[in-house]
Amino acid sequence: MDLTLIIKDNCNACYRVEKALKEFSNRRNEVLLSIINIKDINNSKTEIVPSLYVNQKLYSYGDINEQKLVVYLNDQIEKGACKNKVCKSN
């Protein structure tokens with residue numbers, strides 16, 4: 001499962017979601033997490049942060065409920081969201 005989190009500097013919600021996603025991805029080999037600062041994106045269509053994309057589809061933007069997110073991600077993994085995706089290995 002590919003997770004892409006778009007953040008910006010000095011954003012408390014961004015830091016909170018980033019921390020939760022790092023903890024989640026460290027426990028799951030099926031998860032590949034990318035964190036991108038919005039200032040590093042040219043011509044970004046994203047203006048609201050944090051913005052989270054799951055397998056290249058927008059999941060949420062703005063403040064994200066970490067508990068609901070983890071439930072959703074676990075459910076997606078169980079349903080096979082990682083099949084045919086590049087996954088990290090240990």
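The structure displayed is predicted, hence computed values, not measured ones.

> Residues and numbers for helix α1 (residues 12–27), please.
End to end, α1 covers 23 Å across 16 residues, agreeing with the expected 22 Å (1.5 Å per residue, within 8%). Among the residues of α1, those classed as buried are A13, C14, V17, E18, A20, L21, F24 and S25. Residues of α1 that are buried make contact with β1 (2–7), β2 (32–37), β3 (51–54) and α2 (66–78).

> Lay out the pairing of β1 with the relevant residues and their values.
The two faces of a sheet get side chains in turn, since along a regular strand they alternate between them. In terms of residue burial, β1 counts as a mostly covered element, since six of its six residues are buried. By the bridge criterion, six bridges tie β1 to β2 in an arrangement that is parallel. Directly across from T4, in β2, lies its bridge partner S34. Note on the crossover from β1 through α1 to β2: the handedness is right-handed. The pairing of β1 with β3 spans four bridges and is classified as antiparallel. Bridging from a neighbouring strand, L3 pairs with V54 of β3.

> Just give me the short version of the pattern of salt bridges, but keep the residues and values in it.
Here the structure, examined in full by the defined rule, presents six salt bridges. For R28, the salt bridge goes to E30, with nearest N and O atoms at 3.1 Å. The class of E30 is partly exposed, set by a relative accessible area of 25%.

> Can you explain unusual backbone geometry? Please cite residues and give values.
The general pattern is negative phi for most residues beyond glycine and trans for most peptide bonds. With an omega of -5 degrees, the peptide bond running from V49 to P50 counts as cis. Take P50: it is sitting in the loop between β2 and β3. Phi is positive for Q56, close to 65 degrees, though the residue is something other than glycine. With respect to the secondary-structure elements, Q56 resides in the loop between β3 and β4 (57–61). For Q56, a relative accessible area of 54% translates into the label exposed.

Quick notes on the rules
Residues numbered from 1 in each chain as written. Predicted model: local features only at pLDDT ≥ 70, side-chain atom pairs only at ≥ 80, totals over all residues. Heavy atoms only, no water. Helix = DSSP H or I, 4+ residues; strand = E, 2+ residues; numbered from the N terminus. Expected span 1.5 Å × (residues − 1). Buried < 20%, exposed > 50% of the residue type's maximum accessible area, 1.4 Å probe, protein only. Contact = heavy atoms within 4.5 Å. Pairing = 2+ DSSP bridges. Right-handed = clockwise from strand over helix to strand, strands pointing away. Salt bridge = Lys/Arg side-chain N within 4 Å of Asp/Glu carboxyl O.

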